[in-house]
Each structure stands twice: as C-alpha cells, then as structure tokens.
Amino acid sequence: MNDRIVVTGALGNVGSAVIGSLGPDHRIRAADIDAEALGARFGERVEPVRLDFGDPATFGPVLAGASRVFLIRPPAISRVGPTLNRFLDVAAEAGVEHVVFSSVAGADTNRIVPHHRVERHLTASGLAWTILRPGFFSQNIGSAYRRDIVEDDRLHIPAGEGRVAFIDARDIGAVVALALTEEGHRGQAYHLTGPEAQTIDEVAAVMSEVLGRTITYEPASALGYFRHLRGQGLVLPQATVQTILHVGLRRGDAEPVTDTVERLLGRPARTVREYVTDHADVWRRDETTAA
C-alpha cells in the first residue's frame, strides 16, 4: 500500500523539523545524501535512504511505494531541470499522490530564483500539490551568518534598513506536516512568515541581549556580499542566488507579515528571540576563536 511519506533534505533544518512534527503513526522515509547519517540521527523512527539530486538513479528507490512527498531544494542546486523537476517526473510515474514543496517568498513572480521553475513544473505535473513560500529563516542566523557572528561579532548582509519577518524552520516543519496529513491543503500556496518584521539592527540588539556580548550590524553592498560569500567557499550559482535574495531585503521583499502560521497551527509563530534563546550555544566563542 502506498502510504509512505518521503521527506527530502531530512538532515536539514526544515526536513528534520518535518520529521519531528509528524506523528508516530506515519511511515517516514527520510531521504538525503548520507543514509548512514540519517539512520544515526533518527534511528528506527524512519527508513533512511540515499538521495542525490545529481544522480537520477537514486530517485526510484526514494519514491517507490510513496504516497506523499516533501520536497525542498538544496541550496547548491541551481539547475533544477535535470534535478528537482526530473525528481517530480519520477514521482508522478511512481504514483505519488501529493507533493508539498518548500519554495521561497515571491517565487511565483520572481523568475530569477530556481524555485520559480520548480513551482511551474509542479503545478503542471498532474500531481496534487501544496506550495509553501516562507520568508527568511531564523536558522540563517545560526548557519549562513554564524561565522561572521562567532568570529567578528557582526551581522554582515546587504539588507540596508529593510525589515525582515524571520520565520523559524520549526514552524515551517509543522506546517509541512499539517499539509501532508490533513485535508484541505491541496492546491494551496501559503506565504509563511514570523510574527513581526525587524531591522537587522533590531535582530543584532536581540542577539546582544541574549548572548551577553555586543553584536553589531554592518551593512554590506551587493558586490561586497557576493565577494564575501565566494570568499567563504560558496560556488558561483549559490552565491549569486543568495546575493539576489538578500538584496531584496532592501526593497522590503521580506517585510510583509502574515498570520498564516498562527491560523494553520492555532498558535503564534516563533519569534527571533525564541530562536536565539533556544540555540544560544550555536554562537558561543571558544578560546581559540576568542584569541
């Protein structure tokens, strides 16, 4: 019986949150690049399986016998045709009924971001679909921005004075689980945000208070940020997409606040303060760093 739920990107922030939000009665197939790491992380709760979007031979085993799929784009993938879109084709051939895709805010009209092409392919695929368009993740503060915070006590992005309604990936995971397991979400597109829009200066102030040391916001130029990302090792397509998305913060692209999370989950969305408080150890400076 096709009753398995496939969770792609299961080792990532959103994928792991999806698994954490799904109840124990569901048969979960956790898919990511390292099946051994999946088994070590989730144990017997999931069926671990290797998924490499660069290797279509891995698609069939991931999708066999699955009825529902959560799909998320790995940041390093910019060519979605032979990767994510091909994966959707195989999903349709395998008899998958419903795909929940984690896109990005504005992808329905922004043709530059790779998510736009995945959305178009999914809605034309014949598969039942739900599209989530979250804004900037609170988890960016603990991943993409972490090195600058730990080493230099700064937030260094090209946001200008723009406000950002950061959303916690844990809330996205809860919405994904809801969309996968309850009726009424097929054919829907949801814009997901946190409960308030804050400037990066305000985020830095929250971090300073919670962490007990001064974190400052140093605005970057678009070109400077692109070079900064390349210097940190991001490949050209990934650095380009990240720069484009961050420059949009200046225009207020991530400022709108929706009540979608609260309306769907029946509770307020988590704040940036909650995220920083819950993960304060992420930005702890060891003796080597401090020196």
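Everything discussed here concerns the structure shown above.
Overview of the structure. (Residues numbered from 1 in each chain as written. Predicted model: local features only at pLDDT ≥ 70, side-chain atom pairs only at ≥ 80, totals over all residues. Heavy atoms only, no water.)

With that settled, consider the overall build of the protein chain. Each helix and strand counted, the protein chain has 13 helices and 11 strands in total. Viewed in the frame of its principal axes, the protein chain has a C-alpha envelope of about 55 × 40 × 35 Å. Considering only intrachain contacts with a sequence separation of at least 6, the fraction spanning at least 24 residues in the protein chain is 72%. Put simply, the protein chain has 31 plus and 37 minus side-chain charges, and the middle of one group is 5 Å from the middle of the other. (Helix = DSSP H or I, 4+ residues; strand = E, 2+ residues; numbered from the N terminus. Contact = heavy atoms within 4.5 Å. Lys, Arg positive; Asp, Glu negative; His and termini not counted. Charge placed at Lys NZ, Arg CZ, Asp CG, Glu CD.)

It is worth spelling out helix α8 (residues 200-211) at this point. Taking 1.5 Å of rise per residue, the 12 residues of α8 would be expected to cover 16 Å, and the 16 Å separating its terminal C-alpha atoms lies within 8% of that figure. Turning to α8, its buried residues are Ile200, Val203, Ala204, Val206, Met207, Ser208 and Leu211. Tucked inside the fold, the buried residues of α8 contact α6 (146-152), β7 (154-155), β8 (163-164), β10 (198-199), β11 (216-217) and α12 (272-278). Positive backbone phi, approximately 80 degrees, marks Gly212, located one or two places after α8. (Expected span 1.5 Å × (residues − 1). Buried < 20%, exposed > 50% of the residue type's maximum accessible area, 1.4 Å probe, protein only.)

What follows is about unusual backbone geometry. Unlike most non-glycine residues, Asp153 shows phi in positive territory, near 55 degrees. In this fold, Asp153 is placed in the loop between α6 and β7.

On to the sheet that holds strand β1 (residues 4-8), then. Pairing between sheet strands relies on hydrogen bonds along the backbone, with the strands arranged either parallel or antiparallel. One open sheet accounts for seven strands, arranged β3-β2-β1-β4-β5-β6-β9; its pairing is parallel. Strands at the two margins of the open sheet, each flanked by one partner only, are β3 (46-50) and β9 (188-192). Direction aside, the axes of adjacent strands within the sheet are offset by 15 degrees on average. Across four bridges, the pairing between β1 and strand β4 (residues 66-72) is parallel. Pairing of Ile5 across the sheet is with Arg68, part of β4. Together, β2 (27-32) and β3 form the strand contacts of helix α2 (residues 35-42), whose direction differs from that of β3 by roughly 160 degrees. (Pairing = 2+ DSSP bridges. Axes fitted to C-alpha atoms, helices over the stretch in contact; angles between N-to-C directions.)

Another point: the side chain of Thr260. Assignment of secondary structure puts Thr260 in helix α11 (residues 260-265). If we skip the residues at most four places from it in the chain, Thr260 touches Tyr190, His191 and Leu192.

Our next topic: the packing of aromatic side chains. Within the structure shown, the criterion is met by four aromatic pairs. Relative to Phe87, the ring of Phe53 lies with its centre 5.4 Å away and its plane at 75 degrees, an arrangement referred to as edge-to-face. Taken together, the residues span a long stretch of sequence, with Phe53 in the loop between β3 and α3 (59-63) and Phe87 in helix α4 (residues 81-93) at a distance of 34 residues. With respect to burial, Phe53 and Phe87 carry one shared label: buried. Between Phe59 and Phe87 the ring centres are 5.3 Å apart and the planes differ by 85 degrees, which places this aromatic pair in the edge-to-face class. Of this pair, Phe59 sits in helix α3 while Phe87 sits in helix α4, and the two are 28 residues apart along the sequence. Residue classification places Phe87 among the buried positions, given a relative accessible area of 0%. Counting every residue linked through ring pairs, the aromatic cluster contains Phe53, Phe59 and Phe87. (Phe/Tyr/Trp six-rings, centres within 6.5 Å; stacked < 30°, edge-to-face > 60°.)

The next point concerns the pairing of β4. In terms of burial, β4 is a largely internal element, seven of the seven residues being buried. Where β4 lies against strand β5 (residues 98-102), five bridges are found, and the strand directions are parallel. Its bridge partner being in β5, Ile72 is matched across the sheet by Ser102. Handedness of the β4-α4-β5 crossover: right-handed. (Right-handed = clockwise from strand over helix to strand, strands pointing away.)

Among the residues of helix α1 (residues 13-21), Val14, Gly15, Ser16, Ala17, Val18 and Ile19 are the ones counted as buried. On its buried face, α1 is in contact with β1, β2, α2, β3, β4 and α7 (169-181).

Another point: the environment of Arg267. You can see Arg267 is positioned in the loop between α11 and α12. Taking the relative accessible area as the measure of exposure, Arg267 reaches 27% and is therefore partly exposed. Setting aside residues up to four positions removed in sequence, Arg267 forms contacts with Asp171, Ala174, Val261 and Glu262. Here Asp171 takes part through its side chain, which lies 2.8 Å from a polar atom of the side chain of Arg267. (Polar contact = N/O pair within 3.5 Å; in protein donor to acceptor, adjacent residues only side chain to side chain.)

If you walk through the whole model with that rule in mind, you get 22 salt bridges. The residue Arg147 makes a salt bridge to Glu151 at a minimum N-O spacing of 3.6 Å. With Arg147 and Glu151 both in helix α6, this residue pair falls four residues apart, about one helical turn. Exposure remark for Arg147: the relative accessible area of 41% places this residue in the partly exposed category. On the accessibility criterion, Glu151 (43% relative accessible area) is partly exposed. For Arg170, the salt bridge goes to Asp278, with nearest N and O atoms at 3.1 Å. With Arg170 in helix α7 and Asp278 in helix α12, the pair connects residues that are 108 residues apart, well separated along the chain. Assessed through its relative accessible area of 24%, Arg170 is described here as partly exposed. Among the charged side chains, a network of salt bridges with common partners joins Asp148, Asp152, Arg154 and Glu218. (Salt bridge = Lys/Arg side-chain N within 4 Å of Asp/Glu carboxyl O.)

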